[in-house]
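# Commentary on secondary and tertiary structure
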Amino acid sequence: MKRFSFVTSVLVCGVILAGILVSQSLNSIAAAADDQSILQADHEFVQAAGKRDTATLGKVLDADFTWTDADGKTRTRAEVLDLLPTPALGSETGAQVKQQTHSQVGAVMSSRDKTHVLRLWVHRPAGWRLLVYHEVVLGRQILAPAGPGVNDCQNPCKTVPFKPKNESEQAIIASWQALETGVTDHDAAAWSPHIADEFVMLGSSNDHPLTKADRIATLNLQKQTGHGSAPAPLVSAHMFDFGDAVVMTCHHQPYTGKPVHVTRLWIKRNGQWVMSISYQTAVQAAPAKAG
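The structure presented is a predicted model; accordingly, all values stated were derived computationally and were not measured.

### Comments concerning the overall build of the protein chain
Helices and strands together make up the secondary structure of the protein chain, namely 6 helices and 12 strands. A total of 291 residues make up the protein chain; the buried ones form 46% of that total. Across the protein chain, contacts joining residues at least 24 apart in sequence account for 57% of those joining residues at least 6 apart. Carbon and sulfur atoms make up 57% of the accessible area of the protein chain, which amounts to about 14,500 Å² in all.

### Description of the packing of aromatic side chains
Taken as a whole and judged by the stated rule, the model has 5 aromatic pairs. Taking the centre distance of 6.3 Å and the plane angle of 55° together, the rings of F45 and W67 count as tilted. In this pair, F45 is assigned in helix α1 (residues 2–51) and W67 in strand β1 (residues 61–68), connecting sequence segments 22 residues apart. The class for F45 is buried, based on a relative accessible area of 3%. W67 sits in the buried class, given a relative accessible area of 0%. Both rings, one in W191 and one in F199, keep their centres 6.1 Å apart while their planes meet at 85°; by these two values the pair is edge-to-face.

### Side note on the sheet that holds strand β8 (residues 210–211)
On the basis of which strands lie adjacent, the open sheet formed by 6 strands has the order β8-β7-β12-β11-β10-β9 and mixed pairing. Strands with a single pairing partner mark the edges of an open sheet, and in this sheet they are β8 and β9 (234–242). The sheet contact formed by strand β10 (residues 245–252) and strand β11 (residues 260–269) spans 8 bridges and is antiparallel. Paired with A245 across the two strands is I267, which belongs to β11. Of the strands in this sheet, β7 (195–203), β9, β10, β11 and β12 (272–282) are in contact with helix α4 (residues 167–184), which crosses β12 at around 70°.

### Thoughts on the state of the cysteines
Each disulfide consists of one covalent bond between the sulfur atoms belonging to two cysteines. Using the criterion set out here, one finds 1 disulfide in the structure. One disulfide in the model links C153 with C157; its S-S distance is 2.1 Å. In this structure the cystine formed by C153 and C157 twists about its S-S bond by roughly 95°; its chirality is therefore right-handed. Accessibility expressed as a relative area gives 10% for C157, which makes it buried.

### Some points on helix α6 (residues 212–225)
Taking 1.5 Å of rise per residue, 14 residues should cover 20 Å, and α6 covers 20 Å from first to last C-alpha, within 8% of that figure. Restricting attention to buried positions, one finds in α6 the residues K212, R215, L219 and Q222. Relative to the axis of α6, the buried residues are bounded by an arc of 85° and lie together on one face. In α6, those exposed residues whose orientation departs by more than 90 degrees from the buried face are A213, L221, Q224 and T225. Lining the buried residues of α6 we find α4, α5 (188–191), β7 and β8. Where α6 terminates, the next one or two residues include G226, which has phi positive at roughly 75°.

### Description of the pairing of β9
By the bridge criterion, 8 bridges tie β9 to β10 in an arrangement that is antiparallel. Bridging from a neighbouring strand, D241 pairs with V246 of β10. Between β9 and β10, which pair antiparallel in sequence order, lie 2 residues; one of them, G243, sits at a positive phi of approximately 65°.

### Focus: the confidence of the model for the protein chain
Mean pLDDT over the protein chain stands at 89; residues scoring 70 or higher make up 86%. Across residues 20–30, where pLDDT falls below 50, the model places 0 contacts with residues more than four positions away in sequence or in other chains.

Calculation criteria
- Residues numbered from 1 in each chain as written.
- Predicted model: local features only at pLDDT ≥ 70, side-chain atom pairs only at ≥ 80, totals over all residues.
- Heavy atoms only, no water.
- Helix = DSSP H or I, 4+ residues; strand = E, 2+ residues; numbered from the N terminus.
- Buried < 20%, exposed > 50% of the residue type's maximum accessible area, 1.4 Å probe, protein only.
- Contact = heavy atoms within 4.5 Å.
- Areas by Shrake-Rupley, 256 points an atom, 1.4 Å probe, with all protein chains shown as cover.
- Phe/Tyr/Trp six-rings, centres within 6.5 Å; stacked < 30°, edge-to-face > 60°.
- Pairing = 2+ DSSP bridges.
- Axes fitted to C-alpha atoms, helices over the stretch in contact; angles between N-to-C directions.
- Disulfide = S-S within 2.5 Å.
- Expected span 1.5 Å × (residues − 1).
- Arc of directions from axis to C-beta.
- pLDDT = per-residue confidence, 0-100.

This is the structure we're talking about:
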């Protein structure tokens with residue numbers, strides 16, 4: 001009887017393990033298929049934009065689509081189809097392409113020299129649609145002081161002019177406020193848990209893309225020097241929810257300098273919302289705020 005029970009247990013464990021391996025294999029296959037589908041859709045978008053083929057573009061642009069150019073001007077879907085902007089990377093010949101896929105959201109990051117483009121694709125019932133096109137030219141904007149000599153953060157650390165629509169958005173705001181409090185306090189240990197390991201940040205005032213390690217090094221240096229690092233207050237924000245990924249587009253007004261348009265991608269990992277991408281472009285046509 002004991003032998004029979006042992007054999008039965010082994011067989012049950014084997015079946016369970018096989019089921020897990022099959023599930024993991026199917027998930028990997030599905031993820032690879034999504035990656036390929038996103039890259040194919042992205043290639044078609046780039047070709048259509050280069051040919052100024054608005055008929056094709058109209059089929060792939062999401063209803064909530066926005067195009068932010070390297071000067072920080074943001075256009076709606078209707079405005080883009082009415083007067084198509086010139087893509088900063090043109091046909092993207094020779095551009096480097098990186099990709100992140102998170103279930104219903106795919107990020108394609110294309111770059112050449114100092115010019116970078118983020119395209120966020122989202123999965124709709126009709127297929128993959130382009131939600132965000134965002135350009136950044138590194139070093140275009142002269143870096144302004146992060147704060148007027150103070151290390152106090154009310155907005156966004158304690159309050160924001162945004163009302164979450166659901167629990168996911170509420171959790172993201174809480175995570176964002178915690179990481180920005182870490183920035184204000186020069187506390188890398190408080191900032192780090194809210195940031196994905198693959199995190200990348202690009203901004204008009206940066207001379208190179210910043211990784212998670214780069215930001216930690218900056219926070220540690222600011223802690224030593226006592227340099228004020230209060231983040232730019234939030235003016236407005238929109239969130240687009242897609243299960244375990246949320247796209248966040250924002251408008252910020254730094255303490256000094258021009259306003260900034262920001263696109264962030266949040267992903268839910270191990271029950272925690274973390275930021276994986278941040279593209280920030282100064283709005284050149286707007287007046288600069290004096291310090």
